[in-house]
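One-letter residues, chain by chain:
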Amino acid sequence: MTRLQAVAAPLPHDSAELHVTGRARYVDDLPEPHDCLHAAVGQSTRAHARIVRMDLSRVAAAPGVVAVLTGADFPGLNQIGPVLLDEPALAQHSVDYHGQAVFAVAATTYELARRAVTLAEIVYEDLPAAIHLEDALAANLDLLPPYEMRRGDPEPALVRCAHQLEGSFRLGGQDHFYLEGQIALAIPGEDGGMDVHASTQHPTEVQHVVARCLGEIDAKVRVECRRMGGGFGGKETQANQIAAIAAVLARKTGRAVKFRLDRDVDMTLTGKRHDFRIDYRVGFDDEGRIEAITFDQAARGGCSADLTGAIADRAMFHADNAYFFPRVRIRSRRLKTHTVSNTAFRGFGGPQGMLGIEEVVDEIARHLGRDPLDVRRANFYGAAPRNLTPYHMEVEDFVLPELMDELEQSSGYRQRRAAIEAWNETSPILKRGIALTPVKFGISFTTSHLNQAGALIQLYTDGSVLLNHGGTEMGQGLYVKVQQIVAEELQIPTSLIRITAADTSKVPNTSPTAASSGTDMNGMAAQAAARTLKERLIAFAAEKHGVPPHLIVFQDGAILLGERRMSLRELAKEAWMARVQLSATGYYATPKIHYDRDQARGRPFYYFAYGAACCEAVIDTLTGENRILRADLLHDVGRSVNPAIDRGQVEGGFVQGLGWLTTEELWWTKEGALASHAPSTYKIPCASDLPRDFRVSIWERGRNQERSVHRSKAVGEPPLMLAIAAFQAIKDAIAQAAPGKGSPRLDAPATPERVLFSVKELRGRAAALDLARAAE
Amino acid sequence: MAAVRFTVNGTGVEVTDLHPTTTLLQYLRVHRRLTGTKEGCAEGDCGACTVVVGEWLDGRLRWRAVNACILFLPTLHGKAVLTVEGLADESQPLHPVQQAFVDHHAAQCGFCTPGFVMALVAHRLDPENGAHLATEDVIAGNLCRCTGYRPILDAAADAEPGGLEPAPPPALPDNDPMPDYHAAGGRFRMPRSGDELAACLEETPDATVLAGGTDIGLWVTKALRELDDLVWLGACTDLRRIEATHDGLRIGAAVRLHDVHPVLAEHWPELGELLRRFASMQIRQAATLLGNVLNASPIGDGSPAFLALGASLVLRKGERRRTVPLDAFFLAYRKTALEPGEFAEALVLPWPTDGQLFKAMKVSKRFDQDISAVMGAFRLTLADGLVQDVSLAFGGLAAIPKRSPSAEAALVGHALDEAAIEAACAGFRQDFQPIDDVRATAAYRLEAGQNLLRRLFLEVTKPADAPRILDLEIAA
């Protein structure tokens, strides 16, 4: 008899059949309680203003309206901020962004609630507003104190370097565009209780915020989430407000209240990826090897702190990407603007920091006339002393040289670069470009206390198992992976393991399902719970059947007791009859990590995830239109718990990153209103944007050298940054519109407009240079 | 008429009390608790609400994928609606498309999945949906934020044949009076001919004329407008005709974009490619070609092309008909020459003449299912090396779709050379003062607009130098 192999099997998503049949229930699909009301919010029409007068009498009198709610009506605190109490659920006295929720209603139908909120009469007195990052920089509006990381003394060293460059560029934000908009259903219970079904990555925080807003103890609030229709970071803190408003309205009316955002409200009311401005100075040698570097990162935080502090920190933690800096100083400002508060988004600042250094390395290569890939390799982390990050962590698991070799070969990078350059000489209008870039992404919450997880396993007397843990399912396949880990541990088929919704009354004090940590942490906690249960059963069976514990083995659906064999069902029944507890909890805290924020020093990451991508782009120099023709991805997921799920994360992350860097553009009016607030105006990739030639591989040699669950590696976020290769390939194509004439200036996203003007600027610069040379 | 009658997954239903602007999606989710069909955007742009609608059309049974979120319920009168719940119940094996999605890991969060499945099912059910189309085109109207689409494309390619054959809708009796649905303060009339439509509008000139509803649907779902008097021309059989006449191709007001696509592509290949990128399959299966022209959007894809081709509209009010050239039809932002009570019967597209060149160039942030930042459509006839006749029309550059008279003047009578094109560019700069908005800045619109003229020059004189970016295929 062989062991049951649940881990490493490419099982389908646990809900796959429910998904394809439409039977998977999302919050809006749950049967509504009797007399359920529907909420809507009235939104600010000003970016920054004092509320002089607010007349809601027509709202209250509108058909179907049962209750009107303002910030003053909250039984507890009107505060939804996850870290600081600086963000009201409903604005009071003043508004801080165009689209901010000012009041809410509960009405008998969704349509009537939406109609009613249009009837408010609000008089504002405008205050000065900072809409864009530049406005905040000009006005010195810091949301949070600046922060600095430093190793060595780069400033004096810079001027002594053989080559120096400095530059500045901008990169845009991104809307999550999860297909299921934000939603919560609050059901009031007896004695102050409140049950909330929320589409959230962080049920515990929703619980805390709802309790805070209701003025109740946490224990009276229960939050449940079976699944989300996508999260991507957008439901880490942004679900708080939705649930809080639903719950306070439910308290006020004594009836269940559902609050579902339609797409426009979702996009104007909830936060997005931070846009950044990055300034750098870099000194390097003739090989392009960096000797000293400074970064000044400016993040647009929006109107409140939310998670901006940790996000801006992570941008700094990834300002090195895969490269060693002998001397480095990274400074970060977190700026306040009168726009929606920016929030977590897959990568959590990492993509912004990483795009920064990839831009610098590319500039160095173009300055020296070298292949950017060679400059990338020249700067790789290596043996001590070239293994220290800017935050003084030693990089111990650096697999990129091998992984990049493999991709360089399999993608045919060198031959294709030559072929592309030859082709471009024959093509005056279309230009192609190619780039191969690495990803090194730190795994663990940099807020160290969040690196803990809990799980609950219950064995029933028929041998079936109920599994619960603190992780949430947003499509990433966490639930099936944890199910596989438990199946492997108990040696039973996954069909006997019932997956259940994340529920604050089952596993408490959970961390958000974020930072790519879902499987690492919840998988370990569930494995620990399964082991506890197994050990208890083995101890019982040893005594009852007189078999030494080391001869009792769980294997392929059975328990072997020396020569004897019994089913889990039999053993469970026996144990229950003998009054042995059949439920167990498990707990996991990530080891080794620590970080001293004051000193900007420590080991914030348990390990690093790695990958690389080679992309080929084509641009039209008349219009700036661009396409990715081919992408080769090679990604390290360690030893995969589920290679099919992991591949889905790699591909999906890459395409999402591609959207961020190409077609997805957030655009605000002068008045500070977000004009790109629906799919008609905000363009995420569609099927034809997938590179026609798309070659994706999981790195076969991958193995986590840390003791992660089954030696796997986190995979949720890192692949998003593989798309930096696409951006750099577009930039390479622009450079080839004026070969040998300098480096293009290209901000992200690379929309047709930015690409066209980049081509124009580069050619203008080249022409001016030629004129100047001719004059000499 | 007391009830709207149609079938949902084979079961007959009657709607008697819902306001006529109730959408099919609201009906399915709220009133029938069929929650497999999702709302992702409520504007027909994400496809999560895709369902299949069957109808008898001129004796043929047609199955189409449509967006339920912007489809008004009375337009389903006499039709069959198939939702994801109708593909396979819990006791049945999965539909081959569903099974392929499971096998290829094509669903992650699963929220968009029913919409994708239904879009692909519709495509398989009816050969008139374009069996030759690439899957990317079939699902251009479906957004997925999780998978990156690769497994979805693989699932579509690998799905076994077969699957459900849905029951056709029951035929409606021919001799009923004109359906006139009243409920919840709203009225919805369904004239069956241009004559009946003309009569309706004589009676109530202020009624809203509804065609495919892919724009008007948003007035309700997005702008929360209350439309209480609608006259729908979708049942006017005579307005559904596409006729080859002496004057040109005559396209009736009720002709849907998808249905006119093949004939346009045959006579004007560039229009074929333009229509391929026009909105999405779901929208093209509902929206009419005339609706795209009549809503007078400055950024519609159709109007610049039809302007350049010298199209005209046949307008009718009561018994009066008049023909208005398209370049006299658009007056100002969203204002047209259409009088109250008047409607457009048809658009007439003159046949291409010998030697006529026609180019349509759409520039948008995303290639598929996007609205153009700049659109250029150019008709050109050269004789003895000189430009004899030219029409240069643009979208996205003014408050209306508009020709560039100064650019045209710079070309007529000249050889098509760089000097002439640069003179045309100068004319173009005089003719347009575009604005900044979410799709592009004014500066870009001006720059790209001129470059489209330069591209026209290259495509005519040195086509090998300037292939279109979407035509570029690189050998693996």
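Throughout this document, residue positions are counted from 1 along each chain, in the order its sequence is written. Ligands are numbered from 1 and chains lettered from A, in the order in which they are written. Only residues with pLDDT of at least 70 get local features here, since the model is predicted, and only at 80 or more are side-chain atom pairs given and counted; chain-wide, interface and lining totals rely on the full set of residues.

Caption draft 1: Broad picture of the interface of chain B and chain A. The interface is formed by 68 residues belonging to chain B together with 70 residues belonging to chain A. When residues of the side of chain B that touches chain A are traced back to their parent elements, those giving at least two are helix 2 (96-103), helix 3 (113-125), helix 5 (150-158) and helix 15 (442-461) of chain B. Element by element, the count of residues in the side of chain B that touches chain A is highest for helix 15 of chain B, at seven residues. Put simply, Ala, Val, Leu, Ile, Met, Phe, Trp, Tyr, Cys and Pro go in the nonpolar bin, Asp, Glu, Lys and Arg in the charged bin, and everything else, Gly too, in the polar bin. Partitioned by chemical class, the residues of the side of chain B that touches chain A number 38 nonpolar, 14 polar and 16 charged. The contact rule is simple: place each C-beta atom from the backbone, and if two of them lie within 7 Å, those residues are in contact. Numbering of helices and strands starts at the N terminus; helices are DSSP runs of H or I of at least 4 residues and strands are runs of E of at least 2.

Caption draft 2: Structural detail: the environment of Thr437 of chain A. Residues and elements named next belong to chain A. Inspection of the secondary structure puts Thr437 in strand 16 (residues 430-443). With 313 residues separating them along the chain, Thr437 and Ala750 place their C-alpha atoms 17 Å apart. The residues touching Thr437, leaving out its near neighbours within four places in the chain, are Glu358, Arg376, Ala612, Ala613, Ile724, Ala725 and Gln728.

Caption draft 3: Fine view of the packing of helix 2 of chain B against helix 3 of chain B. All names here are of chain B. The angle between two axes is taken between their N-to-C directions and runs from 0 to 180 degrees, where each axis is a line fitted to C-alpha atoms and a helix contributes only its stretch in contact. Viewed as axis vectors pointing N to C, helix 2 and helix 3 meet at an angle of 130°, and their least axial separation amounts to 9 Å. When the interaxial angle is binned, helix 2 and helix 3 end up oblique. Like other packed secondary-structure pairs, helix 2 and helix 3 cross with a definite hand, here right-handed. Counted together, Val97, Gln98 and Phe101 of helix 2 and Thr113, Val117, Leu120 and Val121 of helix 3 form the full contact between these two elements. Each residue belonging to the contact of helix 2 with helix 3 can be placed in one class, and the counts come to five nonpolar, two polar and no charged. Throughout, the term roughly parallel applies to angles under 35 degrees, roughly antiparallel to angles over 145, roughly perpendicular to angles from 65 to 115, and oblique to all others. Should the near helix be turned anticlockwise from the far one by less than a right angle, the crossing is termed left-handed; should it be turned clockwise, right-handed.

Caption draft 4: Looking closely at the nonpolar core. Residue and element names in this part refer to chain A. By size, the foremost hydrophobic cluster in this structure holds 362 residues, and its most contacted members are Val105 and Ala246. Broken down by element, the residue count for this core peaks at eleven residues, all from strand 27 (residues 607-620). When sequence neighbours within four positions are dropped, the list of residues in contact with Ala246 reads Ala39, Ala184, Leu185, Ala186, Val257, Lys258 and Phe259. Ranked by size, the runner-up nonpolar core spans 46 residues in total, among them Leu11, Val507, Leu533 and Ala575. Put simply, a nonpolar core is buried Ala, Val, Leu, Ile, Met, Phe, Trp, Tyr and Cys residues tied into one set by C-beta atoms within 7 Å. Put plainly, a residue is buried at 20 or more neighbouring C-beta atoms within 10 Å of its own, exposed at 12 or fewer, and partly exposed in between, counting only other residues' C-beta atoms, which are placed from the backbone.

Caption draft 5: The arrangement of the sheet that holds strand 14 (residues 290-302) of chain A in detail. Residue and element names in this part refer to chain A. Read across the sheet, five strands follow the order 7-15-14-13-8 without closing on themselves; strand pairing throughout is mixed. The sheet terminates laterally at strand 7 (142-151) and strand 8 (163-171), the two strands that pair on one side only. Between one strand axis and the next, the sheet turns through 10° on average, direction left out of account. Any two strands with at least two DSSP-identified bridges between them are counted as paired. In this structure, strand 14 lies alongside strand 15 (residues 327-336), joined through ten bridges in parallel fashion. Pairing of Arg300 across the sheet is with Leu335, part of strand 15. With respect to the sheet, helix 9 (residues 308-317) is in contact with strand 7, strand 13 (276-284), strand 14 and strand 15, its orientation differing from that of strand 14 by roughly 160°. Each of strand 8, strand 13 and strand 14 is contacted by helix 10 (residues 350-368), which is oriented at about 140° to strand 8, the strand it contacts most.

Caption draft 6: Representation of the domain arrangement of chain A in the model. Residues and elements named next belong to chain A. The split into domains, and so the bounds of each, comes from an automatic or database assignment of domains. For chain A, the domain assignment lists domain 1 (16-22 + 452-589), domain 2 (32-128 + 224-262) and domain 3 (276-446 + 597-771). Each of domain 2 and domain 3 has a C-alpha centre, and these two points are 38 Å apart. Each side of the interface is counted separately: domain 2 has 18 residues, and domain 3 has 20 residues.

Caption draft 7: Molecular detail of the pairing of strand 11 (residues 249-252) of chain B. Residues and elements named next belong to chain B. By the bridge criterion, three bridges tie strand 10 (residues 242-244) to strand 11 in an arrangement that is antiparallel. The partner of Ala244 across the bridge, within strand 11, is Leu249. Between the end of strand 10 and the start of strand 11, which pair antiparallel, lie four residues, with Gly248 showing a positive phi angle near 150°.

Caption draft 8: Region of the structure containing the confidence of the model for chain B. As a per-residue measure, pLDDT reflects the predictor's confidence and takes values from 0 up to 100. With 99% of its residues at a pLDDT of 70 or more, chain B has an overall mean of 96. The ipTM, which scores confidence in the relative placement of chains, is 0.98 for this predicted complex, and the corresponding pTM is 0.98.

Caption draft 9: The arrangement of the domain arrangement of chain B in detail. Taken as a whole, chain B is organised into domain 1 (1-172), domain 2 (238-352) and domain 3 (355-463). One C-alpha centre belongs to domain 1 of chain B, the other to domain 3 of chain B; they are set 39 Å apart.

Caption draft 10: Structural view of the environment of Asn424 of chain A. Residues and elements named next belong to chain A. Checked against the element boundaries, Asn424 lands in helix 13 (residues 413-426). With 18 C-beta atoms packed within 10 Å, Asn424 lands in the partly exposed category. As a C-alpha pair, Asn424 and Ala737 span 313 residues in sequence and 8.2 Å in three-dimensional space. Ignoring any residue separated from it by four or fewer positions in sequence, one finds Asn424 in contact with Lys431, Arg432 and Gln736.

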